[in-house]
Amino acid sequence: MTIDALRHSPEQLRARIAAELERARNRSTGLTDAVDGDDLVRQHSPLMSPLVWDYAHIGSQEELWLVRDVGGREPVRPDIDNIYDAFQTKRADRPSLPMLNPDEARVYVSTVRDKALDVLEHTPLEGRRLVEAGFAFGMIVQHEQQHVETMLATHQLRQGPAVLDAPAPPPGAPAAETEVYVPGGMFLMGTDLDPWALDNERPAHAVGVEPYWIDTDPVTNAQYAQFIADGGYADRRWWTPEGWAHRSNAELTAPQFWHDDGTRTRFGHVEPIPPDEPVQHVCWYEADAYARWAGKRLPTEAEWEMAARYDPESGRSLRYPWGDEDPTDEHANLGGRYLQPAPVGAFPKGTSPLGVRGLVGDVWEWTSSDFTPYPGFAMFPYPEYSEVFFGPDYKILRGGSWAADPAAVRATFRNWDYPIRRQIFSGFRCARDV
Ligand SMILES: [Fe+2]
């Protein structure tokens, strides 16, 4: 949602919101309709919810925020609030919940959607912070798109014949230089302007950064394979004590879904590992160990954001590496178009002013930073969005993956996860001191 949307008429803003809601629903429905009822209620991994839980949970959040809170309407299904409260039941335990069955879930989410659209039509999108510039609707759009990405991770973990297909991504192009020099200095991190930015992206604040080098592209499968071939997984020198302990306990030897014969499994297809694609399905410990082996380190979150947003000509921080306009198909690999990362250099229009490529889309990029609030952080609209996660347990990921939707990614957007997680579409790039 561009800042320009604020200047549009209420009718245009409403039409844009309705279109975003519909786009999100097309994706979530596509992922649930792709499998049969048994597959929808089954738990494909203890790390994930059954797909039908995600689907009804999307409706439940929409009911809570748009129908009840924004709209002030009667509850649709108050009896199921607890079942779909993500904080009440861990993912591993969700199969034992008395969930709606697939048919009931479909009726429920479409009933809620009809009411939400009616609320959209009849609510002034101003006068109350929750609805200003359509914020609550934007939050729900992003929530559904985030669950679409989660559901894609579930699909990737699912056993059985392939049910998802996509065209091949566009070809890549090698970078002229493998690293970009960033002279450092002050830049504006975070945002006050983006109407749909979430609480943890706010407020905008000046940050000083020392000069550094950052990789032009994310680390590729071919580069990562060299780390493996060099015995990187067996050499304690490259790992932190916690990383080494996890590597040993979890018996990590390669990215998740890789096989010894140079193939990988992707949504049920076994295929050769594309050498020039950013590596994905690595945990933070693996990324950190690779960086040390390469004589580098992971970038801090501020270094990542400066590389992505800072325009040395104007001194301004952009919304995206390419400027302030919303992503198009030419800027970045987003929205699940190819169901995989594209080879590095496939989106030259997405290059940042400093010359860094592939920052948005393809893979979430691990940074060295913990998930902490920005100075002046103010929780909004509820503590469970970000505040309860602040602290050293989570590492920040930036930039969005190929599975993330344009509505749910900005160069200020912050994602976080445990350093052991790798069922997510996570990769990384390296940085180093000057
Ligand atoms: Fe959720």
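The name recorded for the protein in an unreviewed UniProt entry is Hercynine oxygenase, from Cryptosporangium phraense. Word for word, the UniProt comment on the protein under Function (unreviewed entry) is "Catalyzes the oxidative sulfurization of hercynine (N-alpha,N-alpha,N-alpha-trimethyl-L-histidine) into hercynyl-gamma-L-glutamyl-L-cysteine sulfoxide, a step in the biosynthesis pathway of ergothioneine."

Draft legend 1. Seen up close, the packing of helix 7 (residues 241–249) against helix 8 (residues 284–293). At their nearest, the axes of helix 7 and helix 8 sit 9 Å apart, and the two run at 120° to each other. If you check the angle between helix 7 and helix 8, you find them oblique. Crossing of helix 7 over helix 8 shows left-handed handedness. Between helix 7, through Gly 243, His 246 and Arg 247, and helix 8, the contact on the second element is made entirely by Tyr 285, Asp 288 and Ala 289. In the contact of helix 7 with helix 8, the residues fall into two nonpolar, two polar and two charged.

Draft legend 2. Region of the structure containing the sheet that holds strand 11 (residues 414–417). Taken together, the four strands give an open sheet; going across it, the order is 11-10-9-12, and neighbouring strands pair in mixed fashion. The open sheet has two edge strands with one neighbour each: strand 11 and strand 12 (426–427). Bridge count for strand 10 (residues 391–398) against strand 11 is four bridges, and the pairing is antiparallel. Paired with Ile 396 across the strands is Trp 416, a residue of strand 11. Seen against the sheet, helix 9 (residues 301–309) touches strand 9 (364–371) and strand 10 and runs at an angle of roughly 135° to strand 9.

How each quantity is defined
- Residues numbered from 1 in each chain as written.
- Predicted model: local features only at pLDDT ≥ 70, side-chain atom pairs only at ≥ 80, totals over all residues.
- UniProt positions renumbered as here; feature names shortened; annotations may be inferred.
- Axes fitted to C-alpha atoms, helices over the stretch in contact; angles between N-to-C directions.
- Helix = DSSP H or I, 4+ residues; strand = E, 2+ residues; numbered from the N terminus.
- Parallel < 35°, antiparallel > 145°, perpendicular 65-115°, else oblique.
- Left-handed = near helix turned anticlockwise from the far one by under 90°.
- Contact = placed C-beta atoms within 7 Å.
- Nonpolar A, V, L, I, M, F, W, Y, C, P; charged D, E, K, R; others polar.
- Pairing = 2+ DSSP bridges.

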